[in-house]
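Structural description and commentary
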Amino acid sequence: YAEQTDVPLWIDVPDGALPAEAIDRMRREASARPASTLDLAATIVDLLGGLDEPSFRDRAAALGGASLLREAPAGRATLLWNCPPTRECATDSFGVVRFPLKLHFVGHEQRYVCSDLEADPRERAPLPEARCAALRPLIDAAFGRR
């Protein structure tokens, strides 16, 4: 739900440290570009110049996220989950966002919910699960079939 996915994030750098185009794009995409903590790591590496350093190319390519300073990868799916492998959870919930669609499994209800985050950002009017059918294989691959 929103409290798990709409977490504020801001990047503060000195004036002139980023190209104006990157700042404008980040502001423009802020409400429609899902980001994860993996993206934060890639962004920090990018801020330090690591994504463009030839000797780091292989390591940078292995990063799980994408730098927020650059164009968003086309058709990117962002995984969501409340129960990382480092701790136990009473009921796990997980999902995937490929903006604007979000499919998530509500653990305590044992059901999937499909939402259009652009049309319904508060997720108050679930869509038929078939509308998110393209996201189901991504969830099943990442979290197993339920």
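Just so it is clear, the structure is predicted and the values come from calculations on it, not from any experiment.

A separate point is the sheet that holds strand E4 (residues 111–116). Ordered by their spatial adjacency, four strands build an open sheet running E1-E2-E3-E4, and the pairing between neighbours is antiparallel. Each of the sheet's edge strands pairs with one partner strand only, and the pair in question is strand E1 (78–81) and E4. This sheet shows a mean twist of 15° between the axes of neighbouring strands, independent of strand direction. Relative to the sheet, helix H5 (residues 136–143) contacts E1, strand E2 (94–98), strand E3 (101–106) and E4, its axis offset from that of E2 by approximately 140°.

Here the focus is the state of the cysteines. This model, assessed by the stated rule, comprises one disulfide. At a sulfur-sulfur separation of 2.0 Å, the disulfide partner of Cys114 is Cys132. Disulfide Cys114 to Cys132: torsion about the S-S bond roughly 70°, handedness right-handed. Within this pair, whereas Cys114 is found in strand E4, its partner Cys132 is found in the loop between E4 and H5, the two being separated by 18 residues in sequence.

In this section: the confidence of the model for the chain. Averaged over every residue, the pLDDT of the chain is 85; the share at 70 or more is 93%. Within the chain, no element has a lower average pLDDT than helix H1 (residues 2–5), which sits at 55, and none a higher one than E4, at 95.

Turning next to the pairing of E3. With six of its six residues buried, E3 lies for the most part within the structure. Across the two faces of E3 the burial is the same, with Leu101, Leu103 and Phe105 and Lys102, His104 and Val106 all buried. Inspection of the sheet shows E2 paired to E3 by five bridges, in the antiparallel sense. When the sheet's bridge partners are listed, Arg98 is paired in E3 with Leu101. Here E2 folds back onto E3 in antiparallel fashion, the turn holding two residues. Note: E3 against E4, six bridges, orientation antiparallel.

How each quantity is defined
- Residues numbered from 1 in each chain as written.
- Predicted model: local features only at pLDDT ≥ 70, side-chain atom pairs only at ≥ 80, totals over all residues.
- Heavy atoms only, no water.
- Pairing = 2+ DSSP bridges.
- Helix = DSSP H or I, 4+ residues; strand = E, 2+ residues; numbered from the N terminus.
- Axes fitted to C-alpha atoms, helices over the stretch in contact; angles between N-to-C directions.
- Contact = heavy atoms within 4.5 Å.
- Disulfide = S-S within 2.5 Å.
- pLDDT = per-residue confidence, 0-100.
- Buried < 20%, exposed > 50% of the residue type's maximum accessible area, 1.4 Å probe, protein only.

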